[in-house]
Every structure is written in structure tokens, then in C-alpha cells.
Amino acid sequence: MIYLFLGEDRAAKEQKIAEIKTEHLTGDDALKFDYEALHGTKVDPPALKKALGALPAISQKRLVLIRAVEKLNTQNKEILLDFIGSDQAHAVLVLDSDDASPKNNFFNRVSAKAKVMRFGQGAAQQNVFDMTRAMENRDATGALKILEHLMDRGNHPLQIRGRLGLFWGKLKNRLSADWFNN
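What you see is a predicted model; the values in this text were computed from it and never measured.

Could you clarify how one ought to interpret the packing of aromatic side chains in this entry?
Remark: the centre distance and the inter-plane angle together describe each pair of aromatic rings, the angle taken between the planes. Tallied over the full model, the rule gives three aromatic pairs. Among the aromatic side chains, those forming a connected cluster through ring pairs are Tyr-3, Phe-5 and Phe-119. Over the aromatic face of Tyr-35 sits the side chain of Lys-21, whose NZ or CZ is 4.3 Å from the ring centroid.

Could you clarify how one ought to interpret the sheet that holds strand E3 (residues 62–67) in this entry?
Across a sheet, strands are paired by hydrogen bonds formed along the backbone, either parallel or antiparallel in direction. The strand order across the open sheet built from five strands is E2-E3-E4-E1-E5, with neighbouring strands paired in parallel fashion. Every interior strand has two partners, whereas the edge strands, strand E2 (35–39) and strand E5 (115–119), have only one. Taking the axes of each pair of neighbouring strands and ignoring which way they run, one obtains an average angle of 15 degrees across the sheet. Packing of helix H3 (residues 45–53) onto the sheet brings it into contact with E2, E3 and strand E4 (91–97), and relative to E3 it is tilted by some 145 degrees.

Is there a simple way to explain the packing of H3 against helix H4 (residues 74–85) in this structure?
In contact at an axis separation of 9 Å, H3 and H4 are set at 15 degrees when each is read in the N-to-C sense. When the axes of H3 and H4 are compared, the pair comes out roughly parallel. The chirality of how H3 crosses H4 is right-handed. Of the residues in H4, those touching H3 at Pro-45, Leu-48, Lys-49 and Leu-52 are Gln-75, Asn-76, Ile-79, Leu-80 and Phe-83. Its residues placed into classes, the contact of H3 with H4 shows six nonpolar, two polar and one charged.

I would appreciate a short explanation of the pattern of salt bridges in the present structure.
Any two side chains of opposite charge can pair, so long as their charged atoms come close to each other. In the structure shown here, the tally under the stated rule is 10 salt bridges. The residue Glu-14 makes a salt bridge to Arg-67 at a minimum N-O spacing of 2.6 Å. With Glu-14 in helix H1 (residues 10–24) and Arg-67 in strand E3, this residue pair connects regions lying 53 residues apart in the sequence. Judged by relative accessible area, Glu-14 falls into the partly exposed class, the value being 32%. Asp-96 serves as the salt-bridge partner of Arg-67, at 3.1 Å between the closest nitrogen and oxygen. Residue Arg-67 is located in strand E3, and its partner Asp-96 is located in strand E4; the two are separated by 29 residues in the primary sequence. No difference in accessibility class separates Arg-67 from Asp-96, as the two residues are buried. Taken together, the shared-partner salt bridges connect Arg-10, Lys-13, Glu-14, Arg-67, Asp-96 and Asp-98 into one network.

About the thresholds
- Within each chain, residues carry numbers counting from 1 in the order of the written sequence.
- Selection of residues for local features in this predicted model requires a pLDDT of at least 70, selection of side-chain atom pairs for listing and counting requires 80 or more, and totals for whole chains, interfaces and linings are taken over all residues.
- In computing side-chain values, all of the structure's heavy atoms are included and hydrogens and water are not.
- Each Phe, Tyr or Trp ring, with Trp reduced to its six-membered ring, pairs with another whose centre is within 6.5 Å; inter-plane angles below 30 degrees give stacked pairs, above 60 give edge-to-face pairs, and intermediate values give tilted ones.
- Any Lys NZ or Arg CZ that is within 6 Å of a ring centre and within 35 degrees of that ring's normal is treated as a charge sitting over the ring.
- For two strands to count as paired, DSSP must find a minimum of two bridges between them.
- Each helix is a run of H or I in the DSSP string that is no shorter than four residues. Each strand is a run of E no shorter than two, and both are numbered from the N terminus.
- Fitting a line to C-alpha atoms yields each axis, with helices limited to the stretch in contact; the angle taken between N-to-C directions then spans 0 to 180 degrees.
- We call two residues in contact whenever any of their non-hydrogen atoms come within 4.5 Å of each other.
- When describing relative orientation, an angle under 35 degrees is termed roughly parallel and one over 145 degrees roughly antiparallel, while 65 to 115 degrees is termed roughly perpendicular and anything else oblique.
- Take the far helix as your reference; a near helix turned counterclockwise from it by less than a right angle gives a left-handed crossing, and one turned clockwise gives a right-handed crossing.
- Three classes are used, and their members are as follows: Ala, Val, Leu, Ile, Met, Phe, Trp, Tyr, Cys and Pro are nonpolar, Asp, Glu, Lys and Arg are charged, and the others, Gly among them, are polar.
- The rule for a salt bridge is simple: a side-chain nitrogen of Lys or Arg has to be within 4 Å of a carboxyl oxygen of Asp or Glu.
- The classification of residues rests on relative accessible area computed with a 1.4 Å probe and restricted to protein chains. Under 20% of the type maximum is buried, over 50% is exposed, and intermediate values are partly exposed.

As C-alpha cells, this is what we get:
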């Protein structure tokens, strides 16, 4: 399981992290052996690989928390994306960012595989504009997740369809026919 925490409400994040610890770590010994907290500006690639690759010693799953994930260097981001793309059944990964609405390829790829939770400012629900941005970035999984959230929240399909019509209308003059065929 992968969680992506976005926003600045530190207290709410800590409460959720405590819940995840309680759910996955079986006791005090598990906290010592099966829990690791890293920081995006301080972790070096070998330490990140070791933390992500280590197997749990006591609990069923190992819990790895990475704070300031937006500050990971390029090499660490690639290591993290490789891990997310692999079978990570032995670990629960919590990625924490104070950025409430990051908009780059790294976060799009992480969001596609993670349970995204928003805390504090910027915790607004995703909207159809976020969905069209994901589509423009060719993030089909992310766009479909946003569509699912929109439908679950009761957005009327005609509202979503209207915005999609505008989106495609604007793109048709900027993109080649090959883009639409891929």
C-alpha cells in the first residue's frame, strides 16, 4: 500500500501516520525493526534502496515514511518510481509532501499508484480541470481515478462531459492527429 500525503496540516498527518502504525506494526519491537522514517533532503540513494528493499522482521509489513518527498533528488525519485512500479507487498510506503497540489510528472506517476490524502490548505477535492490536466499529460490512470472521485461525489455526468468538450476543443488545434491516435 502506498499513501501520498499532501498539504501542510502536520497534526492531521501525524494522526493518520499513528493510525497506519497501529494498523501495520504489531508492537514496540516492530517500531524498532519494521519502521523507518527518511527525509527527502537528507537521504542518499543507497539508504533509500536499503529502506525500500528491507523485509519486515516482526510485522507482516514494513512501514517506510519519506517526508519532504518533493525534495528528493532525481536519482532518488527514479529509485522510488521503480519501487512503486514493482511488487511492494512487503511494505507500506507513506510519502509526505507539504505541497498541497504538486503538478509535475513525478507526482502524477506516484498519484496513479497511491492513495492520495489531502491535509489542511489545498485539501480541496479534485475537479474536472485536474482530470483534463492528467489527460493532457497522458496519465490515463490518474484521469480515471479523478473521474471516479468526481462520480462518487455526485458530479453530474453532463457537467463533466461539458468540460471535456471544451478541453478537446482547445486541444484539437494544438496537437497533431498522431497524439489523438496514441
